[in-house]
Amino acid sequence: MRYSKFIDEEKKEVVFLVDGVIEVRIAKNIYEKYYAKQNDEEIISLCPYKNIYNAITKRRLYFISERSRVPLIGHTAFGIIDRGTNLLQVRPSTGCNLNCIFCSVDEGKSKTRVTDYMVDADYIANKFEEIADFKRKHHKNIAIEAHIDGQGEPFLYPYIEKLLRKLRDSADIVSIQTNGTLLTKEKVKKFQAYIDRINLSINALNEKTATLLAGCHYNLQHVLDIAEEIASSNIDLLLAPVWVPGYNDDEIEKIVRFGRSIGAGKKWKAFGIQKYIRYKFGKKPQGAKAMDFKTFYKKLAEIGNDLKLYPKDFGIVKCKAIPKKFKLGEKIKLRIEMYGRMKNEMIAIARDRIIQIIDTNRKLGDYVNVRIIRNKHNIYVAEEA
Ligand code: SF4
């Protein structure tokens, strides 16, 4: 554990900054009365009066380890998502260092997200292995892919190297999605040992447009250098811009030319151009009208005949999903255990699954009767019955 300690005089709190991202705060008077002579690491791990925050987003943070008994299946923000294929989405943490104006999960400066989650690397890697083994038992010779993605930037996760190392041992393919800003040439060289493919989001080659889309200070040249470094390493590079109508219409073709010139996509497809979708709880850039799929694919075809993607391009095949634990419409009484990702959402735990309870003003520890309204892909959403 790496940490530094300082006093926040304004909030009258003692602050431990752990592994660069986790902020552990204890009221100064409590610290001075009970903990001043104790070992720092013990205070960070065991003090019951501590509050934990994400130092980047400043939101409350749950650190989820095996001991916490919080399951890793059931939520879209953290854990593992099994959509019934040989690709498992691995989501170790939430929170992003950018603030993209089109972000589908409203990351960065967020109006809707109030809680972040971070999962212990051993815990999530072991769960991945367990699910991969389950799939291998049902399908001989299947290649299982660990795809690290999530509601945020995975390279902010302080234990990413450990997680990659562990996934390398149990997955056939390891891929990761990133905005590239936190990568360095040295890290790319080091991570060649663990990663097969990086999906890199570059949304414009014009500095002004790229910064406008990122919604904050953005070093485009750095990300372009990283793209070149990845393309010349053993890691396959996929460029994944989001096409935001009215903002980067002229940039997509330039990104494709750039990707082809540096040798993106040696093993898989070189581009994963995404259509901007207006999500209810996502960011909505002023004046951007989402294209319909027909127009989007027509426009892609005008740029290149290899830009429309199919699951087979990535070797994705259907395979047995882990069992569901709740039926749609099922009524159940649950205890509220954690704060939800968004306002008016709380989290309950039952049958080794996470259940998000939406539109609720219940408190931690309350018991509540709910009805399951979503169970697709083992992601559970419930509302009060
Ligand atoms: S990099 Fe991704 S997660 Fe972060 S703000 Fe941009 S779109 Fe959202």
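Residues numbered from 1 in each chain as written. Predicted model: local features only at pLDDT ≥ 70, side-chain atom pairs only at ≥ 80, totals over all residues. Heavy atoms only, no water.

**With respect to the overall build of the protein chain**
Within the protein chain, the regular secondary structure consists of 9 helices and 19 strands. Burial analysis of the protein chain (385 residues in total) assigns 52% to the buried set. Counting contacts in the protein chain only where the partners sit at least 6 residues apart, residues at least 24 apart contribute 67% of the total. Considering the protein chain, the positive charge centre built from 68 side chains and the negative charge centre built from 49 side chains are found 5 Å apart. (Helix = DSSP H or I, 4+ residues; strand = E, 2+ residues; numbered from the N terminus. Buried < 20%, exposed > 50% of the residue type's maximum accessible area, 1.4 Å probe, protein only. Contact = heavy atoms within 4.5 Å. Lys, Arg positive; Asp, Glu negative; His and termini not counted. Charge placed at Lys NZ, Arg CZ, Asp CG, Glu CD.)

**Here's the deal with the packing of aromatic side chains**
All chains considered together, the criterion is met by 13 aromatic pairs. Ring geometry for Tyr157 versus Tyr159: centroids 5.6 Å apart, planes at 90°, classification edge-to-face. Assessed through its relative accessible area of 1%, Tyr157 is described here as buried. Above the ring of Trp268, the side-chain terminus of Arg197 is found at 4.9 Å from the ring centroid. Here the basic side chain of Lys308 rests over the ring of Tyr297, its NZ or CZ set 4.3 Å away from the ring centre. (Phe/Tyr/Trp six-rings, centres within 6.5 Å; stacked < 30°, edge-to-face > 60°. Lys NZ or Arg CZ within 6 Å of the ring centre and 35° of its normal.)

**Some details on helix H7 (residues 220-231)**
In this model, H7 (12 residues) spans 17 Å end to end at C-alpha, consistent with the 16 Å of a helix rising 1.5 Å per residue. Residues Leu220, Val223, Leu224, Ile226, Ala227, Glu229, Ile230 and Ala231 constitute the buried set of H7. Where the residues of H7 are buried, they touch helix H5 (185-191), strand S11 (197-200), helix H6 (207-214), strand S12 (236-239) and helix H8 (252-262). (Expected span 1.5 Å × (residues − 1).)

**Details of the domain arrangement of the protein chain**
Domain parsing of the protein chain yields domain 1 (3-55), domain 2 (67-314) and domain 3 (331-384). On a C-alpha basis, the centroid separation for the pair domain 1 and domain 3 is 30 Å. (Domains from an automatic or database assignment.)

**What to know about the site of the ligand**
Lining the immediate surroundings of the ligand are Cys96, Leu98, Asn99, Cys100, Cys103, Glu107, Gly152 and Asn179. Per-class residue counts for the shell around the ligand are 4 nonpolar, 3 polar and 1 charged. (Near = heavy atom within 4 Å. Nonpolar A, V, L, I, M, F, W, Y, C, P; charged D, E, K, R; others polar.)

**Quick look at the side chain of Thr178**
Along the chain, Thr178 turns up in strand S10 (residues 173-178). Setting aside chain neighbours within four positions, we find Thr178 in contact with Glu153, Phe155, Leu183, Ile198, Asn199, Leu200 and Ser201.

**Examining the layout of surface pockets**
Reported here for the second largest pocket is a volume of approximately 970 Å³. Considering the residues around the second largest pocket, the lining is formed by 32 residues, among which Ile44, Ser45, Lys50, Ile52 and Phe63 are closest to the centre. Listed by contribution, the elements that provide at least two residues to the lining of the second largest pocket are strand S3 (22-27), helix H2 (40-46), strand S4 (51-54), strand S5 (60-64) and strand S15 (331-339). Counting residues per element, the lining of the second largest pocket draws most heavily on S5, at 5 residues. (1 Å grid on protein atoms, 1.4 Å probe; cavity = no way out; pocket = protein on both sides within 12 Å on 5 of 7 lines; lining within 4 Å. Points joined across faces, edges and corners; volume = space filled by probe spheres on them.)

**Observations regarding the pairing of strand S18 (residues 367-374)**
As paired strands, S15 and S18 are joined by 5 bridges and run antiparallel to one another. Of the residues in S18, the one forming a bridge with Lys333 is Asn369. In terms of strand pairing, S18 meets strand S19 (residues 381-384) through 4 bridges, oriented antiparallel. Directly across from Arg371, in S19, lies its bridge partner Glu383. Here S18 folds back onto S19, and the loop between the two strands holds 6 residues, one of which, His377, carries a positive phi near 55°. (Pairing = 2+ DSSP bridges.)

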